[in-house]
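# Structure assessment
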Amino acid sequence: MLAAIRRLGLLQVDSVNVLARAHYLPLFSRLGTYDREVLDRQSSRAPRRLFEYWGHEASLLPVETEPLLRWRMAAGHAWSGPRRVAEEQPGLVADVLAAVAARGPLTAGELERLVLGEHDRSRDYGWGWNWSDAKRALEYLFGCGEISSAGRDRSFTRRYDLSERVLPAVVRQRPTPARGDAIRALVDQAGRAMAVATDSDLRDYWRLPAAAARDAVGELVAEGILQPVDVPGWPQAYRHHSSRVPRDVTGHALLAPFDPLVWHRPRMQRLFGMRYRIEIYVPTGRREFGYYVLPFLHQGRLVARVDLKADRQAGVLVVRGAWSQRSVTGSTAHPEPAAFASALQQHLEVMAIWLGLRDVVVGTDRGDLGLLLRRQR
């Protein structure tokens, strides 16, 4: 499990739980029915092997990556709300840090009950979420690396504690690399994870500053770690020297919207010819495919997309819609659904078992795959 995470570099974290939390799904796609509690223990119990910080958005990362992100911590929080609280209410930030030091690990709600009183609970900095100033102070300290997540509770709420009590001492004691060296190491890791990538792909993987990422790419090219290659229809691309072309590509997997293989949509479209967007924030009546749609990877191609929901009360995995890529694009370049429907159905059944559900229900005729999937049962 840790080897897979280190290969990817990070697992993006997201709170949506209509199917499963985002950080669980990439490992299922690659490893099959692993034990999610093992992953939870890696980030919530000592000695921790994973920690949470801003990688590609909020992410779970191997603890040894922490020194490579200290330049980001030193820059302070990127969001205006937490920064303003730090600038305008340094006393609140100090109180929050002291409370975490004395009583941590604490959720934001527990922290608010300890420190709020004379401090304003309702100032609006235009962030759009109903965060108190104490929560903004927590996020500022989290962004600066002073505090970290000691894990999450059953409702997926962070439990904050001092970073020195979360991260292993051996990691905290490692020297801080120069900013340029750290960014170069992150670009190297991104290249290793993607095998072939453009400047934009490499930069997006860790959400790196454009100029610094370009400099890092140039240095890695000079060292032979990244090798310029021509890919038809792509901007200038680079192959990581460690990448190997497999003899055959036979696997299949459903990919979460936050999977590293597809999270950068321009790369996804270049690689697989699939135009995709997540529609969580799109009003129901305006969604093209559904709330939580997973592309289906089969023998190296994205051949379908499936709108899924784990109905935990009924104990079933519900297919709310399923479309072949052939039906979406109208192109005969994509395979006939009959060529992969059985593999998709089997994969759905394995996913249901992994989620602790007793059955798969194809509950709608949305899309051209519904009837075909029902016939596979």
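Below or above, wherever it landed, is the structure these notes cover. From a predicted model like this one, the values you see are computed outputs, not experimental measurements.

### A word on the overall build of the chain
- In terms of helices and strands, the chain carries 17 helices and 13 strands.
- The C-alpha radius of gyration of the chain comes to 22 Å, within 12% of the 21 Å expected for a compact globule of 377 residues.
- In terms of overall dimensions, the chain has a C-alpha envelope of 65 × 55 × 40 Å along the principal axes.
- Taking all 377 residues of the chain together, the buried fraction comes to 52%.
- Within the chain, residue pairs in contact and separated by at least 24 positions form 61% of the contacts whose partners lie at least 6 positions apart.
- Averaging the locations of the 53 positively and 42 negatively charged side chains of the chain gives two centres separated by 4 Å.

### Thoughts on the sheet that holds strand β8 (residues 237-240)
- Strand order in the open sheet formed by three strands is β6-β8-β7, and the pairing between neighbours is antiparallel. Of all the strands in the sheet, the pair left with one neighbour each is β6 (196-198) and β7 (226-229). If you compare each strand with its neighbour and ignore which way they point, the axes differ by 40° on average.
- Two strands pair when backbone bridges link them, and β6 and β8 are joined in this way by three bridges, in the antiparallel orientation. In the sheet register, Thr 198 faces β8, and the bridge partner there is Ala 237.
- Against the sheet, helix α13 (residues 210-222) contacts β7 and β8, and its axis sits at roughly 95° relative to β7.

### Considerations on helix α3 (residues 36-44)
- Those residues of α3 that fall on the buried side of the exposure criterion are Leu 39, Gln 42 and Ser 43. The arc enclosing the buried residues of α3, seen along the axis, measures out at 85°, which places them on a common side.
- Two to three positions downstream of the cap, the backbone nitrogen of Glu 37 sits 2.9 Å from a side-chain oxygen, assigning the N-cap of α3 to Asp 35.

### A few points about the packing of helix α5 (residues 80-88) against helix α6 (residues 90-103)
- The interhelical angle for the contact between α5 and α6, taken along N-to-C directions, is 105°, at an axis separation of 5 Å. By the criterion of interaxial angle, the relationship of α5 to α6 is roughly perpendicular. Residues Val 85, Ala 86, Glu 87 and Glu 88 of α5 pack against Pro 90, Leu 92 and Val 93 of α6.

### A short note on the environment of Pro 295
- With respect to the helices and strands, Pro 295 occurs in strand β10 (residues 293-298).
- Along the sequence, Pro 295 and Gln 189 sit 106 residues apart, while their C-alpha atoms lie 25 Å from each other.
- When neighbours within four sequence positions are excluded, Pro 295 is seen to be in contact with Ala 253, Leu 254, Leu 255, Met 268, Met 274, Tyr 276, Leu 302, Ala 304 and Arg 305.

### Concerning the pairing of strand β13 (residues 359-362)
- Residues of β13 alternate between two faces, with Val 360 and Val 362 buried on one and Asp 359 and Val 361 left unburied on the opposite face.
- Sheet topology note: the strand β12 (residues 316-324)/β13 ladder contains four bridges and is parallel. Within β13, the residue paired with Val 316 across the bridge is Asp 359.

### Examining the pairing of β8
- Where β7 lies against β8, four bridges are found, and the strand directions are antiparallel. From the neighbouring strand, Gln 227 faces β8, where its bridge partner is Arg 239.

### Focus on the pattern of salt bridges
- A full pass over the atoms with the stated rule returns 21 salt bridges.
- Here Arg 326 ties to Glu 336 by a salt bridge, and the two come within 3.3 Å at their closest N and O atoms. Here Arg 326 is found in helix α15 (residues 325-329), whereas its partner Glu 336 is found in the loop between α15 and α16 (341-354), with 10 residues between them in sequence.
- Because the salt bridges share partners, they merge into one network encompassing Glu 52, Lys 135, Glu 139, Arg 152 and Arg 158.

### Concerning the nonpolar core
- Residues Leu 19, Tyr 292, Leu 308, Leu 317 and Met 351 are the most contacted members of the largest nonpolar core, which totals 101 residues.
- Among the elements that take part in this core, α16 stands out by supplying seven residues, more than any other.
- In contact with Leu 308, not counting residues within four places along its chain, are Val 18, Leu 19, Leu 254, Tyr 292, Leu 294, Leu 317, Val 318, Val 319, Arg 320, Leu 348 and Met 351.

### Thoughts on the sheet that holds β12
- Strand order in this open sheet of five strands is β9-β10-β11-β12-β13, and the pairing throughout is mixed. Of all strands in the sheet, those bounded by a partner on one side alone are β9 (252-254) and β13. Going across the sheet, the axis of each strand differs from the next one's by a mean of 30°, ignoring polarity.
- As paired strands, β9 and β10 are joined by three bridges and run antiparallel to one another.

### As for the packing of aromatic side chains
- Tallied over the entire structure, the rule returns nine aromatic pairs.
- Centre to centre, the rings of Phe 289 and Trp 323 are 5.0 Å apart; their planes meet at 80°, and the pair counts as edge-to-face. Separated by 34 residues along the polypeptide, Phe 289 in the loop between α14 (265-272) and β10 and Trp 323 in strand β12 bring together distant segments of the chain. Each member of the pair, Phe 289 together with Trp 323, is buried.
- Ring geometry for Phe 296 versus Phe 340: centroids 6.4 Å apart, planes at 45°, classification tilted. Here Phe 340 lies in the loop between α15 and α16 and Phe 296 lies in strand β10, a separation of 44 residues in the sequence. No difference in accessibility class separates Phe 296 from Phe 340, as the two residues are buried.
- Linked through ring pairs, Phe 28, Tyr 34 and Trp 354 together constitute an aromatic cluster.

What counts and how
Residues numbered from 1 in each chain as written. Predicted model: local features only at pLDDT ≥ 70, side-chain atom pairs only at ≥ 80, totals over all residues. Heavy atoms only, no water. Helix = DSSP H or I, 4+ residues; strand = E, 2+ residues; numbered from the N terminus. Rg over C-alpha atoms; globule rule 2.2 N^0.38 Å. Buried < 20%, exposed > 50% of the residue type's maximum accessible area, 1.4 Å probe, protein only. Contact = heavy atoms within 4.5 Å. Lys, Arg positive; Asp, Glu negative; His and termini not counted. Charge placed at Lys NZ, Arg CZ, Asp CG, Glu CD. Pairing = 2+ DSSP bridges. Axes fitted to C-alpha atoms, helices over the stretch in contact; angles between N-to-C directions. Arc of directions from axis to C-beta. Polar contact = N/O pair within 3.5 Å; in protein donor to acceptor, adjacent residues only side chain to side chain. Parallel < 35°, antiparallel > 145°, perpendicular 65-115°, else oblique. Salt bridge = Lys/Arg side-chain N within 4 Å of Asp/Glu carboxyl O. Core = buried A, V, L, I, M, F, W, Y, C linked by side-chain atoms within 4.5 Å. Phe/Tyr/Trp six-rings, centres within 6.5 Å; stacked < 30°, edge-to-face > 60°.

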